[in-house]
Structures are given as structure tokens and as C-alpha cells.
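The lines below spell out each chain.
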Amino acid sequence: MENHLLFYILLALIPVLETSDFLITPFKNIKKRSADDLIVNGIEIYSMKIDSKVTSRFAHNVITSRAVNRANVSKEVVFDVDLPKTAFITNFSMTIDGVTYPGTIKEKEVAKKQYEKAVSRGQTAGLVRASGRKTEKFTVSVNIAAASKVTFELTYEELLKRNFGKYEMFIKVKPKQLINNFEIQANIFEPQGISELEAQGSFITNDLSQVIKKSFSGKKGHVSFKPTIDQQRTCANCSTSLLDGDFTIKYDVKRDRPGDLQIVNGYFVHFFAPTNLPNFPKNVVFVIDVSGSMYGIGIQQTREALLKILEDIREDDYLNFILFGSDVHVWKNTLVKATAENLKKAKDFVQAINTQGMTNLHGGLMKGIEMLTTAFETNSVPKRSASIIIMLTDGQPNEGVSDPQEIQVNVKKAIQGRYPLYNLAFGYGIDYNFLEKMALENKGLARRIYPDSDSAIQMEGFYEEVANPMLTEVELKYPENAISDLTQNIFKHYYDGSEIVVAGRITDNDLNSLTADVKAQGAENDVTFSEQADVEETAKALQDQEYIFGDYIERLWAYLTIQQLLDKRTVAQGEEKENLTTEALELSLKYKFVTPLTSMVVTKPEDNEDKAAIADKPVEARAVPGTQSYPTHSYLYSSPQIPSLYTSVDGDPHFIISVPQKEDAICFNINEETGAVLNLINDPVTGIRVNGQLIGDKRVSSDAKIQNTYFGKLGIENKKLELKLEVTPEKITLQKGRKKTVFTWLDTVTLRQEGLTVIINRKKNLVLSMGDGASFVIVLHQVWKKHPLHQDFLGLYTLDSHKLSERTHGLLGQFFHHIDFNILEIHPGSDPKKPDATIMIKNNKLTVTRGWQKDYRKDPKHGIDIPCWFVHNNGAGLIDGVHTDYIVSNIFGTTVN
């Protein structure tokens with residue numbers, strides 16, 4: 001359930017060069033300009049058209065772009081399209097000077113072999129990557145000769161869902177240059193009749209608003225947008241395009257009856273969305289992660305969202321809050337009614353929520369389930385009411401029961417199908433697959449909350465989707481002997497403004513009419529609905545409509561079936577999972593959908609030979625916005641989530657530098673003698689300094705050219721607080737002024753003084769916060785005491801490093817403020833699983849290798865793989881100076897050796 005149901009296209013066919021953002025101003029005294037305005041870097045895009053046909057919510061979209069090389073030499077053209085994550089690509093082709101290069105859809109493993117063969121020859125690039133909250137970016141480039149023309153055509157399909165009473169088609173427009181023939185055409189056919197239709201754009205000026213044409217009558221609706229070149233200009237004398245933003249089409253259908261049955265070519269679809277029903281009272285338990293990692297904007301926006309939600313809760317609802325850090329805390333011992341007095345107390349409680357400790361997710365969730373179960377058993381909530389659990393977390397469970405499989409088993413056993421579980425995953429430092437599987441097993445869903453300025457709005461938006469349950473225990477029944485291959489037909493809740501969709505195949509060729517019976521529990525009593533459709537008359541009424549594309553109901557059924565099989569596959573195991581995979585794969589190949597089980601192989605001509613490229617379907621549990629998807633985990637950007645902004649040094653010693661604007665990371669190693677002390681952070685303004693001393697393995701390996709080194713001692717000093725913290729794998733020494741306190745890693749400590757918080761989580765980590773400044777996490781790595789080679793060591797993670805001053809330096813500190821890089825090219829490296837690339841950073845051109853480093857903040861034992869570009873030779877070209885410039889005399893020293 002998305003906040004808005006999207007039909008999302010980012011349009012960009014661009015030559016390869018840097019572009020800028022331009023001020024959008026109303027145009028005046030428009031004058032004709034020369035044809036040179038249409039040519040950028042030698043490329044003219046002379047046509048771009050988006051043709052969308054929507055039939056009964058099922059959208060068939062074709063994007064066609066045409067360009068010509070006006071230069072005297074060959075030029076590269078890039079075709080850039082953003083698609084909804086819910087869409088399946090069905091076709092792509094390039095036509096160059098009359099020769100067409102089509103894409104072919106294959107089983108992912110087959111495509112993978114072809115892809116890897118091309119990789120070994122340095123002839124490939126991934127085509128699809130996650131690019132935003134609701135989108136995936138399809139990008140393909142090709143070199144074309146002087147005066148040559150190229151046509152790109154991409155087709156994709158999706159079922160538009162209904163939210164807040166409307167379907168929404170969201171088109172992201174960003175051509176980046178003036179286009180002679182730019183056009184958006186959307187034709188909508190809805191057998192129920194269209195009740196409302198609107199279109200608008202974020203970039204639309206008063207003048208451009210006249211260019212949007214929209215109309216609807218009866219069952220048909222039409223929207224077009226076709227600005228002239230002069231209407232596209234940002235100003236009268238500008239050659240830059242005003243078309244840069246969101247173009248939105250919203251509509252709904254007439255609802256004379258609760259549902260609508262449609263039948264075409266032996267397949268049927270049943271849309272069910274009753275209106276004017278009373279809402280159920282709700283029982284809502286909010287289970288909120290308040291562990292240390294939620295500190296800062298995470299908990300701040302959570303408080304903001306909960307306060308807004310409390311304003312919208314109705315008086316007949318019941319609610320409670322469960323907070324989990326290292327321990328579990330409840331607001332009230334039972335669910336309480338949302339009276340004005342209780343809501344005021346709830347707001348006071350929410351405003352006081354703060355962070356502490358580790359992540360006892362299991363304890364918090366089980367407490368919430370227990371509370372709902374008790375409420376029903378003791379009749380303390382209305383018998384006819386809808387119950388939901390909404391959990392928000394940003395990390396991995398690492399306190400109490402921390403094994404994901406054990407948590408899933410316990411949660412499913414405790415809920416017993418009685419109420420849905422909705423998991424909100426804040427940021428990227430979480431195991432999204434674990435949260436999604438647990439939600440799907442319990443009739444809910446998982447949703448990622450993106451860490452941004454509008455995180456609170458995202459949380460509020462999700463709550464609004466489930467805020468008004470109108471029916472529970474909804475079951476849609478059809479003649480058993482007449483239909484087969486039915487999609488999901490039992491639903492826990494039906495929410496106001498949404499829609500239930502069921503599709504299937506008719507097996508009785510002599511069937512004259514199809515009947516659908518719906519049973520559900522309403523807020524006041526049990527309800528039934530019945531729909532009937534004449535098979536022949538319904539099919540005949542739909543066959544001759546000009547807006548309809550052929551077998552749309554069959555393709556809608558296939559789309560919906562594949563989506564639901566993939567969901568079932570997420571929670572299945574063993575033979576059941578294999579069978580679901582086989583079924584979903586067969587349908588994907590039959591209907592030519594690019595799904596997580598298939599790939600599209602695109603062959604493109606380069607340097608007089610054909611080169612293979614792959615279009616894959618990114619998976620939310622793996623893909624991060626702004627990262628590229630490859631058919632195997634060993635290639636660029638295909639590893640798990642990148643966590644929130646931080647820098648770290650951990651391992652041998654592995655330095656990881658988060659680059660948030662790229663949603664990526666740079667990493668490097670420092671190879672130095674054991675005993676050396678390195679300055680990691682030095683901020684002369686705040687008086688904070690961090691040094692680390694290297695240790696090695698217990699014995700030196702005669703075979704290794706470079707010996708392993710780790711940090712065996714860390715020293716953190718804050719001159720303004722007269723604070724010195726020295727940490728080793730054996731003990732923790734805190735000196736404040738003249739007072740010295742010694743702890744061991746067997747202690748569990750929370751120490752709060754003015755401007756200072758120290759939390760020691762036994763045998764795991766230490767969290768140091770100094771007022772409103774940056775926070776540091778020191779992770780303890782313990783190995784088997786009798787290990788012949790390795791010994792215990794430490795890792796350092798810096799959070800909110802932007803709160804240190806601009807003058808901060810050191811091996812880590814120099815990266816705390818703005819750093820950027822550009823990847824110029826990617827090519828095979830010495831390891832076939834780790835491609836090399838040429839990178840531009842700090843005005844230096846370096847060769848880097850794609851690899852992984854471990855983030856041990858949440859899981860000190862196993863860590864989370866973080867993808868990064870590895871800079872060789874002790875960070876040469878990346879760090880200022882050379883690494884020996886950062887060697888100091890002692891653990892609190894400032895003097896360079």
C-alpha cells in the first residue's frame with residue numbers, strides 16, 4: 001500500500017555531459033530560436049512520446065524516443081527512464097539506421113551466464129538500478145555514427161492500485177533539453193465509467209497549464225500534454241527546458257455497486273471496493289525501536305509522526321505504545337481508549353521518548369502481541385473492532401532473542417493469524433528481507449521509511465492508509481467447478497479508499513454467467529455482497545473498444561499471480577519454495593515480464609561488434625536507491641543495504657567513508673607496523689581528538705607480503721570536557737578531570753553526566769555521546785582465546801560526524817564534510833567477481849576495485865556487508881598527504897613522529 005499509487009516515468013534521453021539545474025521562470029515575449037537550441041553535445045532529440053493505455057486499472061505504457069547525431073563524429077546517446085517498482089518491463093528495442101536490436105527475456109540463470117561471458121571480455125553494463133523511493137531507473141547508452149539516427153522503445157506494464165479513493169499516474173518529466181516533438185498521451189478506459197479525472201504538473205506555469213488537455217465522458221478519459229519548443233523554454237532567450245518535475249494524472253471510477261466483474265477471452269477480474277460503510281473501531285499497538293541507533297533525526301521524526309497520528313485517532317479507537325531498546329517499556333499496561341484526556345497523556349509520553357541501549361526487537365514485538373491478545377480475552381476492547389500492530393525499527397535485533405528465524409517462528413505462533421503486522425523499516429541498516437517475510441507471514445506488509453526530511457510524513461502517510469478499516473475477514477467466492485488459477489481471494493482487512501482485486505481463469509466453456517459472492521464482517525454486523533456478469537455480453541461489450549489492448553485481463557491475471565507467487569516465495573522454504581519459483585518463472589517467461597526471476601538481455605552494437613547488457617528487476621531487500629543492479633551479487637552495487645551516514649575504521653584496519661549524495665562508500669586500508677599510533681580525528685574547534693594504536697596477529701605469517709594489523713587500543717579526548725577515554729579489548733578507562741574510573745567489558749553501564757553519556761553494552765560495544773556533537777561507537781571483536789593466530793581487537797564508528805567543525809582532519813576526520821567522486825568507467829579486474837573502475841576524486845584519477853567491508857555496529861559477530869570502492873596503496877590519492885603523516889607519538893598524542 002503505497003502512499004500514492006504510482007505510474008512513474010522519468011524521461012531523459014541525454015548526451016553524456018554535465019548538466020545544471022536552471023531557474024524556472026514564466027516566459028515572456030517568446031521569440032523563435034535557431035535549430036542549434038535543439039542540439040546538445042551534437043545530439044538532437046527530435047521526438048519523445050509517452051503513450052499510455054489504461055484498461056480497467058491495467059496500464060500498458062510505451063516510451064519512444066528518437067535522436068539524431070548532428071555532429072561530424074560518433075557520439076554516445078543515453079536513454080534514461082524511471083519506472084515504478086511495481087512495474088514489469090515487457091519489451092525494449094533500439095533501432096539504429098533501420099537495424100533493430102531487440103531485448104530478449106530469459107531465465108535469470110541463463111542470462112547470467114551470457115552476462116558473465118560478456119563481462120570477461122569487458123563488454124557489458126547493467127541497465128536497471130533502484131533510483132528512488134518508488135522507482136527503478138532503466139538506462140542504456142549506445143554510440144552512433146555521424147548523421148545516424150536511433151530510436152529507443154521501452155514497454156512496461158503494471159496494475160494501478162487504489163489509495164485514498166483515487167488511482168494515480170505519476171510521470172517524472174526531465175528531458176534535459178528542448179525537444180521538437182514532446183508528447184504525453186494517456187487514454188483510459190474503465191467499464192464502470194470514470195467519475196473524475198485531473199492532471200497537473202509541478203513544473204507547470206500559468207501559460208503551460210493551458211497546454212494540458214483533459215476530458216472524460218462515460219467510460220473513456222483522455223489526457224494530453226504537447227508543449228511547443230517555445231513553451232518548453234525557461235525564458236524567452238533560454239535554450240534550457242522548463243520540463244523538469246512531476247506530471248500527475250489522477251482518476252476514479254463510478255461505484256454504483258460494491259464490485260464489478262469483467263470477462264474477456266476466458267479470464268475474469270473482479271474489482272471490489274464498497275463505499276458508505278461504517279468504519280471499524282481500531283486497536284492499534286505501536287511498537288517503536290528506541291535503541292541508540294535511532295538517536296537524532298530518527299527518533300525526532302518518529303516523535304513528530306506519532307504526535308500527528310494521535311491527532312487523527314478517533315475517540316472509539318484503542319491504543320498503546322511499546323518501546324524497545326535493551327529493555328522493553330510500555331506506556332500503559334493495557335490498551336486504553338482514545339479519550340481526549342488519554343490522548344493528551346499519550347502526547348506527553350511521545351514527546352518524552354528518547355533513545356537508549358541495544359535492539360530487543362523480539363521482546364518489544366512479543367509484548368505488543370501479548371497486549372492485544374489479552375485485550376480480546378478480557379473483553380477490554382470492542383468485540384467488533386480491527387486490530388493492527390505497527391512496528392518501526394532501524395536495525396538488526398541484537399538483544400534478547402536475536403536470531404531472525406526464531407523471532408519469525410515465535411511471532412507467527414503468537415499472532416495466530418488474528419491481526420496483521422506492519423513493519424516499517426527506517427533507513428538501510430536493517431535486514432529488510434527479514435522484516436518483509438515476518439510481515440507477509442502475518443497478513444501484513446513491510447514498507448521502507450527513507451531517512452530524509454519528510455520521514456515523519458512517510459510514517460503518517462502509511463498510518464492513513466490503514467486508519468479506516470471498513471471490513472474484516474473478507475472472502476470472495478466463485479463457482480468452484482467453473483474457474484481455476486484464482487489469485488488471492490481472502491483478505492484480513494478492507495480499508496476505506498482502497499480496492500480488492502481478484503482474477504482467475506474460466507475453465508467451463510459452457511458457462512453463461514459468472515457469480516461472485518463476498519462475505520465479510522462489518523462494523524455493525526456480518527455483510528454479504530453478490531455480483532453477476534453475463535460471460536458473452538461482458539466480453540462483447542469490451543471487445544470493440546479502441547482504448548483496449550487485446551488480452552489485458554489475461555495479462556492482468558498473470559501480473560497479479562506472479563506478484564503473489566513472489567510474495568509467497570518470500571516466506572516459503574524447501575520444496576514449496578522451489579515449486580513457487582518454478583510456477584512464477586514459467587509465467588514470467590510466457591508473458592515476457594522482467595521479474596526477479598528473469599532478465600532481459602539487450603544486445604547493442606559497439607566498435608563493430610555486439611555487446612551484451614542485462615536488464616534485471618531490483619529487489620527491495622537488496623537494492624538501494626541510486627545503486628545499480630546486476631544479475632549476480634558479486635558485481636557492482638548488488639550487495640545489501642547501505643546504512644545511514646557514518647564513517648568507520650574496523651578490521652585490518654578497513655576505513656569506510658560514507659558518501660551520502662552517491663548513496664555509496666569509499667574504503668581503503670592502512671598497512672603499518674604494529675605499535676604505530678595513527679591520528680584518526682582531530683578537531684581543533686571542539687577539542688575532540690581520536691587516536692588508535694595498531695596490533696598484529698599473535699605470530700607473523702612468513703607467506704604474507706603484508707601482515708594483518710588491527711586496532712588494539714583507542715583513545716578519545718575532549719579537551720573542553722577534560723575527558724580522556726582509553727579503550728582496549730580488556731578494559732575501559734574513563735578519566736574526567738582528576739577522577740579516573742575503570743570498567744571491563746563484562747560490565748553493563750549507562751553513565752550520564754553533564755554533556756556526556758557513556759553506554760557499555762556487555763561484551764559488545766561502547767557508545768560515547770558528547771552533548772549535541774558527534775557520537776562514537778567502539779565495537780569489541782573477541783576471538784577464541786586459544787586461536788593460534790588472531791587476537792581480540794576494536795572497531796570505531798563515528799555517527800553524526802557533520803557536527804564536528806569544518807577544520808576537522810585526521811585519517812577519518814578529513815572526510816567528515818563534503819566529498820564527492822565520479823566513476824568514469826568500469827572494467828574487469830584481476831578478480832572476476834570484483835570489477836575495477838576509474839574514479840575521479842579530489843582531482844585525482846585513481847583505479848579502484850569494487851568490494852565489500854563489514855559494518856559491525858549491529859552484529860559484532862558477523863557484521864553486515866557494505867559495498868564500497870576500494871582505493872589501493874594506503875589510500876594514496878584519496879587521503880591528504882601520505883599515511884605516515886598521521887603517525888603520532890602516543891594514544892593521546894598530537895606530535896607526529
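All figures in this text were calculated on a predicted structure; none of them were measured in a lab.

Student: How should I be thinking about the overall build of the protein in this particular structure?
Tutor: When helices and strands are counted, the protein shows 13 helices and 53 strands. Split into buried and exposed, the 897 residues of the protein put 58% on the buried side. Considering only intrachain contacts with a sequence separation of at least 6, the fraction spanning at least 24 residues in the protein is 68%. Carbon and sulfur atoms make up 46% of the accessible area of the protein, which amounts to about 37,200 Å² in all.

Student: Even after reading the chapter, I still don't get the sheet that holds strand S29 (residues 500-506), so can you show me in this structure?
Tutor: Whether parallel or antiparallel, the strands of a sheet pair through hydrogen bonds between backbone atoms. An order of S17-S18-S29-S27 is seen for the 4 strands of this open sheet, with the pairing classed as antiparallel. A single partner strand is all that each edge strand has here, and the edge strands are strand S17 (259-264) and strand S27 (483-484). With 6 bridges connecting them, S17 and strand S18 (residues 267-272) associate as antiparallel partners. Following the sheet pairing, Ile263 is matched in S18 by Phe268. Relative to the sheet, helix H11 (residues 552-571) contacts S17, S18 and S29, its axis offset from that of S18 by approximately 70 degrees.

Student: Would you mind showing me how to read the state of the cysteines here?
Tutor: By definition, a disulfide links the sulfur atoms of two cysteines through a covalent bond. Throughout the structure, instances matching the rule amount to 2 disulfides. Shown here is the disulfide that connects Cys235 with Cys238, its sulfur atoms set 1.8 Å apart. Sign of the S-S torsion, about 85 degrees for the bond between Cys235 and Cys238, identifies this disulfide as right-handed. Taking the relative accessible area as the measure of exposure, Cys235 reaches 21% and is therefore partly exposed. Judged by relative accessible area, Cys238 falls into the buried class, the value being 19%.

Student: Teacher, can you tell me more about helix H7 (residues 404-415) here?
Tutor: Every α-helical turn comprises 3.6 residues, leaving residues that sit three or four positions apart pointing alike. Over its 12 residues, H7 extends 16 Å from the first C-alpha to the last, a length consistent with the 16 Å expected when each residue adds 1.5 Å. Taken residue by residue, H7 has Ile407, Gln408, Val411, Ala414 and Ile415 as its buried positions. All buried residues of H7 project into a common sector of 140 degrees when viewed along the axis, lining one side. When the buried face of H7 is taken as reference, the exposed residues oriented beyond 90 degrees from it are Gln405, Val409 and Lys413.

Student: Just checking my understanding: could you explain helix H4 (residues 297-312) for this structure?
Tutor: Along its 16 residues, H4 runs 23 Å from first to last C-alpha, staying within 8% of the 22 Å computed at 1.5 Å per residue. Every buried residue belonging to H4 is among Gly298, Ile299, Gln301, Thr302, Ala305, Leu306, Leu307, Ile309 and Leu310, and all of these are buried. Buried residues along H4 sit against strand S19 (282-289), strand S20 (318-324), helix H5 (340-351), strand S23 (386-393), strand S24 (421-426) and helix H9 (455-465).

Student: Is there a simple way to explain the packing of H11 against helix H12 (residues 574-590) in this structure?
Tutor: When two helices pack together, their arrangement is given by the angle between their axes and by how far apart the axes lie. In the contact formed by H11 and H12, the axes pass within 9 Å of each other and the chain directions differ by 155 degrees. Comparing their axes, H12 and H11 come out roughly antiparallel. By crossing handedness, the relation of H11 to H12 is classed as left-handed. Of H12, the residues touching H11 (which contributes Trp557, Thr561, Ile562, Leu565, Leu566, Lys568 and Arg569) are Lys577, Leu580, Thr581, Glu583, Ala584, Leu587 and Ser588. Per-class residue counts for the contact of H11 with H12 are 7 nonpolar, 3 polar and 4 charged.

Student: Can you help me understand the nonpolar core in this one?
Tutor: Formed by 55 residues in total, the largest nonpolar core has its most connected members in Phe79, Phe92, Phe138, Phe152, Phe182, Phe225 and Phe247. Ranked by residue count, the leading element in this core is strand S3 (residues 43-55), at 5 residues. Judged by nonpolar contacts, the second largest core, of 54 residues, contains Leu680, Met770, Leu794 and Ile887.

Student: Mind showing me how you'd approach the environment of Thr248 here?
Tutor: Examined against the element boundaries, Thr248 turns out to sit in strand S16 (residues 245-253). With 80 residues separating them in the primary sequence, Thr248 and Glu168 have C-alpha atoms 7.0 Å apart. Contact partners of Thr248, with chain neighbours within four places excluded, come to Glu168, Met169, Phe170, Glu198, Ala199 and Gln200.

Student: How should I be thinking about the pattern of salt bridges in this particular structure?
Tutor: Pairing is possible between side chains that carry opposite charge, provided their charged atoms lie close to one another. If you walk through the whole model with that rule in mind, you get 30 salt bridges. Residue Arg233 pairs with Asp230 through a salt bridge whose shortest N-O separation is 2.9 Å. Take Arg233: its relative accessible area is 2%, and that puts it in the buried class. For Lys764, the salt bridge is made with Glu399, and the minimal N-O distance between the two is 3.7 Å. Of this pair, Lys764 sits in the loop between strand S45 (756-761) and strand S46 (765-769) while Glu399 sits in the loop between S23 and H7, and the two are 365 residues apart along the sequence. Note on Lys764: relative accessible area 25%, which makes it partly exposed. What emerges from the salt-bridge pattern is a single network uniting Arg57, Arg162, Glu190, Asp252, Arg255 and Glu499.

Student: Explanation requested: the side chain of Glu44 in the structure shown.
Tutor: As for its placement among the helices and strands, Glu44 is situated in strand S3. A polar contact is formed between the side chain of Glu44 and the side chain of Arg70, at a distance of 2.8 Å. The residues contacting Glu44, other than those within four sequence positions of it, are Leu38, Ile39, Arg66, Ala67, Val68, Arg70 and Gln177.

Student: What should I look at first to understand the side chain of Ser805 in this one?
Tutor: Tracing the backbone shows Ser805 in the loop between strand S48 (793-799) and strand S49 (822-827). Accessibility expressed as a relative area gives 13% for Ser805, which makes it buried. At 2.5 Å, the side chain of Ser805 forms a polar contact with the side chain of Asp683.

Student: Please clarify how the sheet that holds strand S31 (residues 526-534) should be interpreted in this entry.
Tutor: The strand order across the open sheet formed by 4 strands is S28-S26-S30-S31, and the pairing between neighbours is antiparallel. The strands lining the two open edges of the sheet, one partner per strand, are strand S28 (490-495) and S31. Each neighbouring strand pair of the sheet contributes to a mean axis angle of 30 degrees, computed without reference to strand direction. Inspection of the sheet shows strand S30 (residues 513-522) paired to S31 by 9 bridges, in the antiparallel sense. Residue Leu514 lies in a different strand from S31, and its bridge partner there is Ala533.

Student: Help me understand the pairing of strand S42 (residues 731-736) in this model?
Tutor: Successive residues of a regular strand alternate their side chains across the two faces of the sheet. For strand S41 (residues 723-727) and S42, the ladder comprises 5 bridges, and the chain directions are antiparallel. Bridge pairing in S42 links Leu725 to Leu734. As consecutive antiparallel partners, S41 and S42 are separated by 3 residues. Taken together, the 6 bridges between S42 and strand S43 (residues 739-744) define a ladder with antiparallel strand orientation. Along S43, the bridge assignment pairs Gln735 with Lys740. The hairpin turn running from S42 into S43, its antiparallel successor, is 2 residues long, and Gly737 in that turn takes a positive phi close to 65 degrees.

Student: Help me understand the packing of aromatic side chains in this model?
Tutor: Aromatic rings in a pair are described by how distant their centres are and how their planes are angled relative to each other. Inspection of the entire model under this criterion finds 26 aromatic pairs. Ring geometry for Phe668 and Phe815: centres 6.1 Å apart, planes at 55 degrees, overall tilted. Here Phe815 lies in the loop between S48 and S49 and Phe668 lies in strand S37 (residues 664-669), a separation of 147 residues in the sequence. Comparing Phe668 with Phe815, the two get one shared label, buried. Over the ring of Phe271 we find Arg57, and its NZ or CZ is 3.8 Å from the ring centre. Over the aromatic face of Phe892 sits the side chain of Lys724, whose NZ or CZ is 5.1 Å from the ring centroid.

Student: Even after reading the chapter, I still don't get unusual backbone geometry, so can you show me in this structure?
Tutor: In terms of backbone geometry, most residues other than glycine have negative phi values and most peptide bonds are trans. Unlike most non-glycine residues, Asn276 shows phi in positive territory, near 60 degrees. Checked against the element boundaries, Asn276 lands in the loop between S18 and S19. One non-glycine residue, Lys443, adopts positive backbone phi at about 60 degrees. When you line up the elements, Lys443 lands in the loop between helix H8 (432-441) and strand S25 (446-449).

Student: Would you take a moment to explain the confidence of the model for the protein for this structure?
Tutor: The predicted structure's coordinates, where accompanied by low pLDDT, should not be read in detail. With 85% of its residues at a pLDDT of 70 or more, the protein has an overall mean of 83. Predicted confidence is poor over residues 122-126, with pLDDT under 50, and the contacts of this stretch with residues over four places away or in other chains come to 22 contacts. The model gives residues 622-646 a pLDDT under 50, and that stretch makes 105 contacts with residues more than four places away or in other chains.

Each value, and the rule that gives it
Residues numbered from 1 in each chain as written. Predicted model: local features only at pLDDT ≥ 70, side-chain atom pairs only at ≥ 80, totals over all residues. Heavy atoms only, no water. Helix = DSSP H or I, 4+ residues; strand = E, 2+ residues; numbered from the N terminus. Buried < 20%, exposed > 50% of the residue type's maximum accessible area, 1.4 Å probe, protein only. Contact = heavy atoms within 4.5 Å. Areas by Shrake-Rupley, 256 points an atom, 1.4 Å probe, with all protein chains shown as cover. Pairing = 2+ DSSP bridges. Axes fitted to C-alpha atoms, helices over the stretch in contact; angles between N-to-C directions. Disulfide = S-S within 2.5 Å. Expected span 1.5 Å × (residues − 1). Arc of directions from axis to C-beta. Parallel < 35°, antiparallel > 145°, perpendicular 65-115°, else oblique. Left-handed = near helix turned anticlockwise from the far one by under 90°. Nonpolar A, V, L, I, M, F, W, Y, C, P; charged D, E, K, R; others polar. Core = buried A, V, L, I, M, F, W, Y, C linked by side-chain atoms within 4.5 Å. Salt bridge = Lys/Arg side-chain N within 4 Å of Asp/Glu carboxyl O. Polar contact = N/O pair within 3.5 Å; in protein donor to acceptor, adjacent residues only side chain to side chain. Phe/Tyr/Trp six-rings, centres within 6.5 Å; stacked < 30°, edge-to-face > 60°. Lys NZ or Arg CZ within 6 Å of the ring centre and 35° of its normal. pLDDT = per-residue confidence, 0-100.

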